[in-house]
Amino acid sequence: MAFRAPPSHLPLESDSSSRFLPSIVALMVALLTFSIVGLAALHDSVGQWSGQIEGSLSIQVPPTELANRSPAEREAALQGTVDSIIEQVSTLPGIARIEELSPDTMAALLEPWLGPDEVISELPIPRIIEVTPETGFNFDALESRLGVIAPEAVLDDHRIWIERIADVAFSVELALALLIVVLFGATMLSVVFATRSGLSIHHRIIELLHLIGAQDGYIASQFGRHNRRLAFFGALIGLLIALPVSALIGWLGLRAGWPVPSLVLSPTFIGLIVAIPFIVALVAGITANRTVLRVLHRML
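Residues numbered from 1 in each chain as written. Predicted model: local features only at pLDDT ≥ 70, side-chain atom pairs only at ≥ 80, totals over all residues. Heavy atoms only, no water.

Describing the sheet that holds strand 1 (residues 57-61)
- On the basis of which strands lie adjacent, the open sheet formed by 4 strands has the order 2-3-1-4 and antiparallel pairing. Each edge of the open sheet is held by one strand with a lone partner, namely strand 2 (95-100) and strand 4 (154-156). On average, each strand axis in the sheet is inclined to that of its neighbour by 20°, with strand direction left out of account.
- When strand 2 meets strand 3 (residues 127-133), the two strands line up antiparallel, connected through 5 bridges. In the strand pairing of strand 3, Arg97 is matched with Thr132.
- Relative to strand 4, helix 5 (residues 139-149) is tilted by about 165°, and along the sheet it contacts strand 1, strand 3 and strand 4. (Pairing = 2+ DSSP bridges. Helix = DSSP H or I, 4+ residues; strand = E, 2+ residues; numbered from the N terminus. Axes fitted to C-alpha atoms, helices over the stretch in contact; angles between N-to-C directions. Contact = heavy atoms within 4.5 Å.)

Here it is in structure tokens:
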């Protein structure tokens, strides 16, 4: 097998590292996998949601100074303002779609809070116009045109919210990225401690091997293979723990109505997750090898 070490002159299998190193690596890799999946899901979800918000905006036409009029007069004045806005804004370049949210739709949205349609019709409810802009649309031009047509109208283009969401998402993504680095570093640090412990335990055997002609590279390779194998199996256990838990969280999210991020299901991301045990094992072997060489130069 690829991770089965050949016969060695060092009894490394009896070390305490053979017991605690796989457990530590398993825990670190489980946390590492959770962090990677969370980072990918957050990045993909925020990107999709921001794209949906950027693809639409709304214009609110409040019944300013119309509250004292009769319902029929108020509705007629509002409808005239809405028609004027739609007619003039639709001529701006970059407008893919513009339409008014119908009063029936507004009534259906407000009914759970304000009661039946008969009550809503007596209230000064603002009109909503939905606009779908194309890529590169000039929001400032729309705001200027709207200020001329209907100064009381309010343009909600979600840019402030997008900037705030982007700032929060960037902070969380940065924190997760730093956590991934810390977890990976802690995993390699545990390999260093386990290697040093093995060197201390087998100090006399190593001296004897040097006396009969063994080179530092040979001894380092023994530790490298041993720790590579332990790290691989520990990382595999951690991955097998993290994946079902991540799948359970994703299933609960689906039941709550959250979409599954497309990035998490991409072949590249799946390949990265599958490669985690091999990457951890490779780096652990290199770390143990270099640790042994560095310590032996000082010991002997």
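Back to the text.
Looking at the UniProt feature "transmembrane region" (unreviewed entry) in the protein
- The positions UniProt marks with the feature "transmembrane region" (unreviewed entry) are residues 20-42, 174-194, 230-252 and 264-288.
- Here residues 20-42 is 100% helix and 0% strand, with 33 Å between the C-alpha atoms at its ends.
- Between the first and last C-alpha atoms of residues 264-288 the distance is 32 Å; the span itself is 84% helix and 0% strand. (UniProt positions renumbered as here; feature names shortened; annotations may be inferred.)

What to know about the packing of aromatic side chains
- Inspection of every chain in the model, using the stated rule, returns 2 aromatic pairs.
- Here Phe232 and Phe233 contribute two aromatic rings whose centre-to-centre distance is 5.4 Å and whose plane-to-plane angle is 75°, an arrangement assigned as edge-to-face.
- You can call Phe232 buried: its relative accessible area is 10%.
- Each ring, one from Phe232 and one from Phe278, has its centre 5.2 Å from the other, and the planes form 55°; the classification is tilted. One end of the pair, Phe232, is in helix 8 (residues 216-255); the other, Phe278, is in helix 10 (residues 276-299), and 46 residues separate them in sequence.
- Through a chain of ring-to-ring contacts, the aromatic side chains of Phe232, Phe233 and Phe278 assemble into a single cluster. (Phe/Tyr/Trp six-rings, centres within 6.5 Å; stacked < 30°, edge-to-face > 60°. Buried < 20%, exposed > 50% of the residue type's maximum accessible area, 1.4 Å probe, protein only.)

Overview of the pattern of salt bridges
- One pass over the structure, following the stated rule, counts 2 salt bridges.
- The salt bridge involving Arg97 is made with Glu99; its shortest N-O contact spans 2.6 Å.
- The class for Arg97 is partly exposed, based on a relative accessible area of 35%.
- A relative accessible area of 39% places Glu99 in the partly exposed class.
- As a salt-bridge pair, Glu100 and Arg127 come within 2.5 Å of each other at their nearest N and O atoms. Of this pair, Glu100 sits in strand 2 while Arg127 sits in strand 3, and the two are 27 residues apart along the sequence.
- Classification of Glu100 by relative accessible area gives partly exposed; the value is 21%.
- Relative accessible area serves as the criterion here: at 7%, Arg127 is assigned to the buried category. (Salt bridge = Lys/Arg side-chain N within 4 Å of Asp/Glu carboxyl O.)

Considering the pairing of strand 1
- Summarising burial for strand 1: 4 of the 5 residues are buried, a large majority.
- Of the pairings in the sheet, the one linking strand 1 to strand 3 comprises 5 bridges and is antiparallel in character. For Leu57, the partnering residue across the bridge sits in strand 3 and is Val131.
- Of the pairings in the sheet, the one linking strand 1 to strand 4 comprises 3 bridges and is antiparallel in character. Across the sheet, Ser58 pairs through a bridge with Asp156, a residue of strand 4.

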